[in-house]
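Structure assessment
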Amino acid sequence: MPEATLRDRLERGLASPICLTWELTYACNLSCSHCLSSSGRRDPRELTTSEALALIDEISSMKIFYINVGGGEPMVRRDFFEIVEHAVLRRVGVKFSTNGTRIDAAAARRLANIDYLDVQVSIDGADAHTNDRVRGSGSYAAARRAMDNLQAAQFGEFKISVVMTRENVEQLDDFAALARDYGAQLRLTRLRPSGRGADVWNDLHPTLEQGRALYRWLSDRPNVLTGDSFFHLSALGAPLDGLNLCGAGRVVCLIDPVGNVYACPFVIHDEFLAGNVRDAGFARVWRESELFTSLREPQNPGACASCGSFDACRGGCMAAKFFTGLEMSEPDPECVFGHGELALAAKENTRRPHSSPDHTRRVAVSLSPPHVAAKLPG
Amino acid sequence: MSSSEPPTFDATRHWRLSDHASLRDESFGALAYHHDTRRLMFLKSRALVELVRQLDDYASASDAISALVEEPERDLYLAALSSLCVSGLISA
């Protein structure tokens, strides 16, 4: 049972994904500046309740153990609890990401009563100032209220999910302390230049120095979850916990709110669209689509072939390359050796691709009652 | 969580796939998932997957191994079952 072949096997694809993200809606009551899915307005073509329930049945029959539910803000769907409870009934675990604005005391109690349900509440700063610059005014207070409500409802170990930015890397210890205070688990993920993230990535992605500090911090704390986000940092030394590979179309994929299947949650773009679940179901797209078949072929290491660390990072993140205008055969833009920065500098005048669908609201939103009961600061 | 104390593996007892676990066949063997601990595990051989699936049919884990695994490999599979027991994937 040689360990070395497992990653090769995974790169050739699986019968069903390990990590299936399903974004329930493009509607969101926040408008985070780095939103991967450019969410805001609901799409009129979103899957209906009966289509959503049928999709869960198919997911269950494919023996997909759990789904990552996101959005948009999944809880703004009126059938949110119906969908989640159906999944759990069919023995499909649910890990869902939320901005917390809809987790009042009653919702927290209802969530606490569902087995096989994990909640990730997002904050992107350890204080309101840092967080609200990215996620919008009042969003930190709303997220903290959700955490208070989950704690009061004895939900147990929920997750606090943070996208690492240049502004919050310095707050790692504060995030860890916050998680400890709530008895929560800390989950850190990588800022991708996807969706609206393309507009802020240049200013917000951590510096190389910060990347090195993050690697050391994570190496000392194997209990901090990362969703395999930072495998590009594994080139710095011993690999971080996780599979350390790009799973797009191989072990990972995304179903968007209108049923489109993309290679991963970070590439909502026509170039990475494998099919739609409305046509012949999800299994057919996963197992037979041309795109996923080609992603499961051996990939060309390109410019990274001669790098001694290629085996550690495998050239990095496909989405990060694509949305910064790099070729798949070029290094990750955040390559720890600076090769990505050089490649980017050579492309300064290249037009970068943008996510295809954009559901950004045309007018700014602000948090207001009834979703947020208390008065918002500022 | 289903149990509070860490289980110890006694090969003379009857074992089976835990009610809290699921298996899915894959080309390399199977993926296993424990729904309570949320742990994902890789069973990296077909023979191990078959052994886990058939444990329930034998009075003891030793009997299952004797029946399904060739002599030189038995210790290896015993160790594999022991680690699956610690992970809660199989239960007595």
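Residues numbered from 1 in each chain as written. Chains lettered and ligands numbered in written order. Predicted model: local features only at pLDDT ≥ 70, side-chain atom pairs only at ≥ 80, totals over all residues.

What follows concerns the overall build of chain B. Helix and strand content of chain B: three helices and five strands. Taken from N to C terminus, the helices and strands of chain B fall in the order β-β-β-β-α-α-α-β. A compact globule built from 92 residues should have a C-alpha radius of gyration of about 12 Å, and chain B, at 12 Å, falls within 12% of that. Dimensions of chain B, computed from the C-alpha atoms along their principal axes, are close to 35 × 30 × 20 Å. Restricting the contact set of chain B to residue pairs at least 6 apart, pairs at least 24 apart contribute 53%. (Helix = DSSP H or I, 4+ residues; strand = E, 2+ residues; numbered from the N terminus. Rg over C-alpha atoms; globule rule 2.2 N^0.38 Å. Contact = placed C-beta atoms within 7 Å.)

Our next topic: the overall build of chain A. When you go through chain A residue by residue, the secondary structure sums to 15 helices and nine strands. The C-alpha radius of gyration computed for chain A amounts to 20 Å, which stays within 12% of the reference 21 Å derived for 378 residues, consistent with globular compactness. In terms of overall dimensions, chain A has C-alpha extents of about 55 × 45 × 45 Å along its principal axes.

Attention shifts here to the sheet that holds strand β3 (residues 29–34) of chain B. Residue and element names in this part refer to chain B. Spatially, β2-β3-β4 is the arrangement adopted by the three strands of the open sheet, whose pairing is antiparallel. Whereas interior strands pair on both sides, the edge strands pair on one side only; in this sheet they are β2 (21–26) and β4 (39–43). In this sheet, adjacent strand axes meet at a mean angle of 20° when their direction is disregarded. Relative to β4, β3 runs antiparallel, the two sharing five bridges. Paired with A30 across the strands is L43, a residue of β4. (Pairing = 2+ DSSP bridges. Axes fitted to C-alpha atoms, helices over the stretch in contact; angles between N-to-C directions.)

The next point concerns the interface of chain B and chain A. Size of an interface: often given as the accessible area lost when the parts come together. The interface is formed by 13 residues belonging to chain B together with 11 residues belonging to chain A. With four residues, β2(B) is the largest single contributor of residues to the side of chain B that touches chain A. Each residue belonging to the side of chain B that touches chain A can be placed in one class, and the counts come to five nonpolar, four polar and four charged. (Nonpolar A, V, L, I, M, F, W, Y, C, P; charged D, E, K, R; others polar.)

Take the sheet that holds strand β9 (residues 273–276) of chain A next. All names here are of chain A. Spatially, the nine strands line up as an open sheet ordered β6-β5-β4-β3-β2-β1-β7-β8-β9, and their pairing is mixed. Each of the sheet's edge strands pairs with one partner strand only, and the pair in question is β6 (185–190) and β9. Strand-to-strand, the axes of this sheet are offset by a mean angle of 25°, without reference to chain direction. Bridge analysis of strand β4 (residues 117–122) against strand β5 (residues 159–164) gives three bridges, and the strand direction is parallel.

All names here are of chain A. In this structure, the amide linkage connecting G71 to the following residue, G72, adopts the cis form with an omega of 15°. Summarising the element assignment, G72 is placed in the loop between β2 (66–71) and α3 (80–89). Positive phi, close to 55°, is recorded for K63, a residue that is not glycine. Here K63 is to be found in the loop between α2 (49–61) and β2. What makes K63 partly exposed here is the crowd of 18 C-beta atoms within 10 Å. (Buried ≥ 20, exposed ≤ 12 C-beta atoms within 10 Å, placed from the backbone.)

Nonpolar side chains in soluble globular proteins tend to end up buried together. Residues and elements named next belong to chain A. Counting 129 residues, the largest nonpolar core has I67, Y262, C264 and V267 as the members making the most contacts within it. Among the elements that take part in this core, helix α6 (residues 139–152) stands out by supplying seven residues, more than any other. If we skip the residues at most four places from it in the chain, V267 touches S194, A248, Y262, F272, M318, A319 and F322. (Core = buried A, V, L, I, M, F, W, Y, C linked by C-beta atoms within 7 Å.)

What follows concerns helix α2 (residues 61–68) of chain B. Side chains of residues three or four places apart in an α-helix project in the same direction, reflecting 3.6 residues per turn. Residue and element names in this part refer to chain B. For α2, the complete set of buried residues consists of A61, A64 and I65. Viewed end-on, α2 has its buried residues packed into an arc of 95°, placing them on one side of the element. Residues of α2 that are exposed and angled more than 90 degrees away from the buried face: S66 and A67. Considering only its buried residues, α2 is in contact with α1 (46–54) and α3 (74–86). (Arc of directions from axis to C-beta.)

Bringing the environment of A:G338 into the picture now. Residues and elements named next belong to chain A. Structurally, G338 is set in the loop between α14 (318–323) and α15 (339–345). A residue is classified by how many C-beta atoms lie within 10 Å of it, and G338, with 11 of them, is exposed. Along the sequence, G338 and L208 sit 130 residues apart, while their C-alpha atoms lie 7.5 Å from each other.

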